[in-house]
Amino acid sequence: MYSYEDRLRAVELYIKVGKRIGVTIRQLGYPTKNSLKSWHAEYERCLDLPRGYETSKSKYSRAPNGKGCRVLSRTRSQHRRYRHGVGLP
C-alpha cells in the first residue's frame, strides 16, 4: 500500500505529464496502471485523495461455528463404513 503523499505525488505527476501512464510509472517506479487510473478518478471526483484505504466487509464470519468440523467428521465416518462394507481396507 502506498502512503497518501505517494499517491498524491503520482496523481499530480500524471496530470503534469499530460495523463501519460507509462511516463509516470517510469519516472516514479510505481504504481501499476490500474492503481494510477483509480487514484486519478478519485482525485478528479473529489479533488483530493482519501487519507487511508477502505476495506470491504468480509462476507464470512470470523467467529468459529464448528459446523465444518462436524460435517468433515461425519463424511469421514460414512466413507470408512462404506469402504468396510464393500471389503476395502
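Residues numbered from 1 in each chain as written. Predicted model: local features only at pLDDT ≥ 70, side-chain atom pairs only at ≥ 80, totals over all residues. Heavy atoms only, no water.

A. The overall build of the chain, seen in detail. Helix and strand counts for the chain stand at 4 helices and 0 strands. Secondary structure elements in the chain, listed N-terminal to C-terminal, are α-α-α-α. Counting all 89 residues of the chain, 19% fall into the buried class. Residue pairs at least 24 apart in sequence account for 48% of intrachain contacts in the chain once pairs closer than 6 positions are excluded. Taken as a whole, the chain presents about 7,500 Å² of accessible surface, with 53% of it coming from carbon and sulfur. (Helix = DSSP H or I, 4+ residues; strand = E, 2+ residues; numbered from the N terminus. Buried < 20%, exposed > 50% of the residue type's maximum accessible area, 1.4 Å probe, protein only. Contact = heavy atoms within 4.5 Å. Areas by Shrake-Rupley, 256 points an atom, 1.4 Å probe, with all protein chains shown as cover.)

B. Structural detail: the packing of aromatic side chains. Across all of its chains, the model carries 2 aromatic pairs by this definition. With centroids separated by 5.1 Å and ring planes inclined at 20°, the aromatic side chains of Tyr-2 and Tyr-30 adopt a geometry described as stacked. With Tyr-2 in the segment before α1 (4–16) and Tyr-30 in the loop between α2 (21–28) and α3 (33–46), the pair connects residues that are 28 residues apart, well separated along the chain. Exposure remark for Tyr-2: the relative accessible area of 33% places this residue in the partly exposed category. The class of Tyr-30 is buried, set by a relative accessible area of 14%. Arranged with centres 5.5 Å apart and planes meeting at 80°, the rings of Tyr-2 and Trp-39 form a pair that is edge-to-face. Taken together, the residues span a long stretch of sequence, with Tyr-2 in the segment before α1 and Trp-39 in helix α3 at a distance of 37 residues. With a relative accessible area of 9%, Trp-39 lands in the buried category. Here the aromatic residues Tyr-2, Tyr-30 and Trp-39 are joined through ring pairs into a cluster of three or more. (Phe/Tyr/Trp six-rings, centres within 6.5 Å; stacked < 30°, edge-to-face > 60°.)

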